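One letter stands for each residue in the lines below.
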Amino acid sequence: MAGKSFFIDTSRCTACRGCQIADKAWWGLKGTKTQQRGNHQNPEDLSFNTWKVVRFSEVEVNGKPNWYFFTDQCRHCLEPPCMYTAQSLGSKAITRDDETGAVIYDPKIKVKAEDFKKIRESCPWDIPRWDEKTQIMAKCNMCINRIREGMLPACVKSCPTGTMNFGDRDKMLDMAQKRLKELKAVYPKAQLLNAEILRTIFLVIDDPQKYWKHAAENGVGITRIAAIKKLVRPLVKFPHFVG
Amino acid sequence: MTNSWTDIGVSDCVLIMGSNAAENHPVAMKWILRAKDRGGKIIHVDPRFTRTSAKADIYAPLRSGTDIAFLGGMINYILEKDLIQNDYVVSNTNAAFIVNPKYDFKDGLFSGYNLEKRAYDKSLWAIEKDEKGIPKRDQSLQNERCVYQLMKKHYARYDLNSVSNITGTPKEDLIKVYEAYAETGKPDKVGTMLYAMGWTQHTVGTQNIRAASIIQLLLGNMGMAGGGVNALRGESNVQGITDQAVLFHIIPGYNPSPKASDVSLEKYNEKNTPKTANPSSVNWWGNRPKYIASFLKSMYGENATKENEFGYQLLPKLDDGQNASFLFMFDEMLKGKFSGFICLGMNPACSLPNANQSREALSKLDWMVAVDIFESETSNFWKGPGMDPNKVKTEVFLLPACSYVEREGSLSDSARTAQWRYKAIEPIGESKADGQIIHEIYMKLKTLYEKDKGVFPDPILKLKWDYAKAGKVDTHLVAKDINGYFLEDVPEHPVDKKAYKKGTLVPSFVFLLADGRTSCGNWIYSGSYTEAGNMMARRDKTPVATANIFPKWAWAWPVNRRIIYNRASVDMQGNPIDPKRAVIKWDAENKKWVGDVPDGPAPPMGMEGGKLPFIMKPDGVASIFGPGLSDGPFPEHYEPLECPIEKNPLSSQRVNPTISLFKDYKFTTCDPRFPFVATTYRVTEHWQTGLMTRYQSLLVETEPQMFVELSEELAELRGIKNGERVLVSSPRGKLEAIAMVTKRWAPFKVAGQTIHEVGMTFHYGWLIPKNGGESANLLTPTIGDANTAIPEYKAFLVNVEKLPAKGKGR
């Protein structure tokens, strides 16, 4: 299938925060005022000013302490429920780039509070964020200005371990499948998360719930996506579900 | 590092110990994970489970300050199960050497100890030599006084139970680590050790490294791709700093600083130039006089002549026995013995131990010049907490320095590789490059000395100082001076019989002469900037694929050798012991070596003219028995100065018997008021004392405040919840921190007791950000390693108490 994809191999991630910070540095996003809450995860969550956040999860594996890292970001769905919801509400704020498949929030189009609530709730991965003052939505935009110039997204460029990968979708899917096969030999629970419907493909070595409650789409959301599609079918062209 | 960053990627077993590589050397993980991709095992040994442990195949906990017990246990395991690489050990180390009968070890002390002097008479540890002056040896390693047998006896006390009792590491974890690592003793397997401050910042720091070196020699891992003893250096250019000898005890290229009793150049050379009776030993330090003469020519130019010992009398000398390292220096400063202090790019108010005293010391100066890119707790010490500016007499100057992207020059990384970097923008505002600042200070000093004369102006006035063009320092001129020049025409060079012209750059240190015809600012960098160009600026990725080294990427010292001691990686005929990871190989047809730059061009050991592999040692072999260090020829476990238990479980000698004690400072040991072990460390998101990073909002956002990591068990003991404010105190000071309660740090079972350990960073300081917290060094002790005096930041005692919610009390 055409377009781009991220392949994020969490087994290589050391939570250095290079990706989180490179994204902010490139897009001129503010460093917000945070507090030490007894956890390295700061900021605590995605926000209007934070489009990529490294989530830390202390777990127990075979009775011994372990630590999983999840570099959360927009999944750039092939069929983005946020986009369909916005369209059903008459908003042009969310578009999908034809060439790359990047799902983009327009930084100049305002969205009403009640509309944003519906848009956020439509996302199974809880990605959309919004600024009350300016009424603008924000999230990862696949560094669309960089990739159009043939550069890698900032987060991918900064990653020292090979956790963050980016390229043509078929190549990323190949890479993901190959790596999954390697890791499954050592970690039987290794899996790719919803790879068929997303452009941001995460690989984990354990139950995704141990990483983050919204790491994987657990079935409820797919029903929601289908429901949203039914809603918007008269308004938009209905593309294929699987890519 | 003995090896390179990149050949870590071909290792079978990476032992990360005394290092939290993922958090402090994040890019190193690229190569460590490549080793894992190829089926290599990653082992992490650390008091707590960190972001490095999360990527390791095997994690083992150990109490801070017990690395020698852990490693000694590994030595014992290897010897008991006879897992040494026998041929390697017999040929390449001093395992077979016979030690004189006066050497002994009993109950924690080696023979020759003087309690009053707190020092050993090392002559009692001498190796026995024959009438020719060559060490006596027993190739069968059976003689009861050979190094091998003495080592076996020494480490027999480091059995699994004893080790576990000291380190708090569960026995099954010890076995897992020992078994996995000892596998690399096989000729076709290789293991590497990566370490950092977790091994060095102890009163036994040097001996920690010695223990690692012994293991790597026993297993035949030195000189091999994917092997070696590899220090992950703590700053981007600290390797450059130590190479250029910004340290009191050496001059550039690791030559010893001259002392007052070295009354002449001849006497200095006589004392410091080793000799060997073994014709197979290269004994490369035998060339020292050439490097000293060339260094003096670089310093004093035309003012250095044959007649005046090349200006040797102008070089500053240390008093005999003087120790001018930081602990001693700041002790003198506190006692009012300094009038002034120039502090470049350093924040001692937060980085030196016992920071309250360090800050107090600064207030005793008449003047201080801080050179830095931002204001710091040091430049602003006079308005810090507890300071009354009206009472501080120190006149403080702050000279704005520019950052590394605003100037051109080289940085030398852990792999001895000097990489040239370009200037991205001109220095902002009035900031200047450090080199430019030093140049301008020098030019002004020169003028003043010319006018006012002074007591002894010659060392200033007679310096050769040609590093600037039209008042602007040109780092290329400095780099070339470091490389070295021919100062006269040399019609027939003794080394290659070729002719060299005056004013041309020397090809390498092989061409330096002791007669004043060459200059060289630093012999180990000779070859870095030659007639062929700036070797440090090269960026060619052509590898020596088997070893995964990149000889055309920048330039490494010495002479661009990437893996040192590589002559130990081949057999007597020059064939690689591990062909799939070949570093060098003897091409018999063309009679030369291919691959990495060999440790000297001599043919393999088994051929005529062959040389032993460890060319920097007078005997040509590596030391398993090391009679040169101040605290013993074999590493021995001693407790940190501030010890959580009453006695050293291993002997009656509680602490390192040769460390200098600072009796005027506060310490404690086995103290119910300070019952917990504390350690200090760093995180990815901040840099050193945080001076560069605490001004960056994106970094402060990720790590905003001082925290203390502690176990769930300790939190319960003290009624502390995750995220709560706590007070951490030591005999020297106290600070507030946020509790980070975690399963990743469990208490240790040591000597039948439960010992709790906590940890903090030293990234914070009172200046910025507001409510960020203070430096952990308010708590650390004034005590250092027996050989280097590096402070024991890694193991001391504290108390941790819950604080009332904000608004009450504190």
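This part takes up the overall build of chain B. Along its length, chain B carries 20 helices and 33 strands. Taking 28 Å as the expected radius of gyration for a compact globule of 810 residues, we find that chain B reaches 27 Å, a close match to that expectation. In terms of overall dimensions, chain B has a C-alpha envelope of 85 × 70 × 55 Å along the principal axes. For chain B, the exposed surface amounts to about 32500 Å²; the carbon and sulfur share of it is 55%. Both charge centroids of chain B, one from 99 positive and one from 93 negative side chains, sit 1 Å from each other.

The final tally for this structure, using the stated rule, is 44 aromatic pairs over all chains. Between Y155 of chain B and F634 of chain B, the ring centres sit 6.2 Å apart and the planes meet at 75°, which makes this aromatic pair edge-to-face. Of this pair, Y155 of chain B sits in helix α5 (residues 147-155) while F634 of chain B is found in the loop between β25 (592-595) and β26 (676-681), placing the two residues 479 residues apart along the sequence. A relative accessible area of 1% means that Y155 of chain B is categorised as buried. Among the aromatic side chains, those forming a connected cluster through ring pairs are Y103, F105, F110, Y113, Y120, W125, Y155, Y158, F625 and F634 of chain B. Sitting above the plane of the Y312 of chain B ring, K317 of chain B keeps its charged end 4.5 Å from the centroid. The ring of W67 of chain A has R744 of chain B sitting right over it, with the charged end atom 3.8 Å from the ring centre.

Should the charged atoms of two oppositely charged side chains come close, the side chains can pair. Residue and element names in this part refer to chain B. With the rule as written, the count across this model stands at 61 salt bridges over all chains. Taking the shortest distance from any N to any O, the salt bridge between R51 and E685 comes out at 2.8 Å. One end of the pair, R51, is in the loop between β2 (41-45) and β3 (58-60); the other, E685, is in the loop between β26 and α19 (697-702), with 634 residues separating them in the sequence. Residue classification places R51 among the buried positions, given a relative accessible area of 0%. Here E685 falls in the buried class, since its relative accessible area comes to 2%.

Residue and element names in this part refer to chain A. Relative to the helices and strands, H76 resides in the loop between β3 (64-72) and α2 (81-88). A residue is classified by how much of its surface remains accessible, and H76, at 0% relative accessible area, is buried. Here V103 takes part through its backbone nitrogen, which lies 3.0 Å from a polar atom of the side chain of H76. Excluding residues within four positions of it along the chain, H76 makes contact with F6, A102, V103, K139, C140, N141, M142, L198, R199 and T200.

Glancing now at the packing of helix α3 (residues 67-80) of chain B against α5 of chain B. Residues and elements named next belong to chain B. Contact pair α3 / α5: the axes reach a minimum separation of 9 Å and the direction vectors enclose 120°. In terms of axis orientation, α3 runs oblique to α5. For the crossing formed where α3 meets α5, the hand is left-handed. Each of G72, I75, N76 and L79 in α3 lies in contact with α5, whose residues at this interface are Y148, M151, K152 and Y155. Grouping the amino acids of the contact of α3 with α5 by side-chain chemistry returns 5 nonpolar, 2 polar and 1 charged.

Our focus in this paragraph is the interface of chain A and chain B. Listed per partner, the contact involves 39 residues of chain A and 38 residues of chain B. With both chains or domains summed, chain A and chain B bury close to 2900 Å², and 54% of this area falls on carbon and sulfur atoms. For D37 of chain B, the salt bridge goes to R179 of chain A, with nearest N and O atoms at 3.7 Å. Across the contact surface, chain A and chain B share 15 residue pairs in polar contact (both at pLDDT 80 or more).

This next bit is on the sheet that holds β3 of chain B. The pairing of strands in a sheet comes from backbone hydrogen bonds and takes either a parallel or an antiparallel form. Residue and element names in this part refer to chain B. Taking strand neighbours across the sheet as the criterion, the 5 strands line up as β3-β2-β1-β8-β9 in an open arrangement whose pairing is parallel. A strand with exactly one partner marks an edge of an open sheet, and here the two such strands are β3 and β9 (229-231). Taken over all neighbouring pairs, the strand axes of this sheet differ in orientation by 20° on average, direction set aside. As paired strands, β2 and β3 are joined by 3 bridges and run parallel to one another. Across the sheet, residue H44 finds its bridge partner in β3, namely Y59. In this fold helix α9 (residues 205-218) packs onto β8 (191-195) and β9, with an angle of close to 170° to the strand it touches most, β8.

All names here are of chain A. Within strand β1 (residues 4-9), 5 of the 6 residues are buried, leaving the element largely enclosed by the surrounding structure. As defined by bridge partners, β1 adjoins strand β8 (residues 164-168) across 5 bridges and the pair is classed as antiparallel. By the bridge assignment, F7 is partnered in β8 with N165. Two strands pair when backbone bridges link them, and β1 and strand β10 (residues 200-204) are joined in this way by 4 bridges, in the parallel orientation. Bridging across to β10, F7 finds its partner in I201.

Reading guide: rules and limits
- Residues numbered from 1 in each chain as written.
- Chains lettered and ligands numbered in written order.
- Predicted model: local features only at pLDDT ≥ 70, side-chain atom pairs only at ≥ 80, totals over all residues.
- Heavy atoms only, no water.
- Helix = DSSP H or I, 4+ residues; strand = E, 2+ residues; numbered from the N terminus.
- Rg over C-alpha atoms; globule rule 2.2 N^0.38 Å.
- Areas by Shrake-Rupley, 256 points an atom, 1.4 Å probe, with all protein chains shown as cover.
- Lys, Arg positive; Asp, Glu negative; His and termini not counted.
- Charge placed at Lys NZ, Arg CZ, Asp CG, Glu CD.
- Phe/Tyr/Trp six-rings, centres within 6.5 Å; stacked < 30°, edge-to-face > 60°.
- Buried < 20%, exposed > 50% of the residue type's maximum accessible area, 1.4 Å probe, protein only.
- Lys NZ or Arg CZ within 6 Å of the ring centre and 35° of its normal.
- Salt bridge = Lys/Arg side-chain N within 4 Å of Asp/Glu carboxyl O.
- Polar contact = N/O pair within 3.5 Å; in protein donor to acceptor, adjacent residues only side chain to side chain.
- Contact = heavy atoms within 4.5 Å.
- Axes fitted to C-alpha atoms, helices over the stretch in contact; angles between N-to-C directions.
- Parallel < 35°, antiparallel > 145°, perpendicular 65-115°, else oblique.
- Left-handed = near helix turned anticlockwise from the far one by under 90°.
- Nonpolar A, V, L, I, M, F, W, Y, C, P; charged D, E, K, R; others polar.
- Buried area = accessible area lost by both parts, 1.4 Å probe.
- Pairing = 2+ DSSP bridges.

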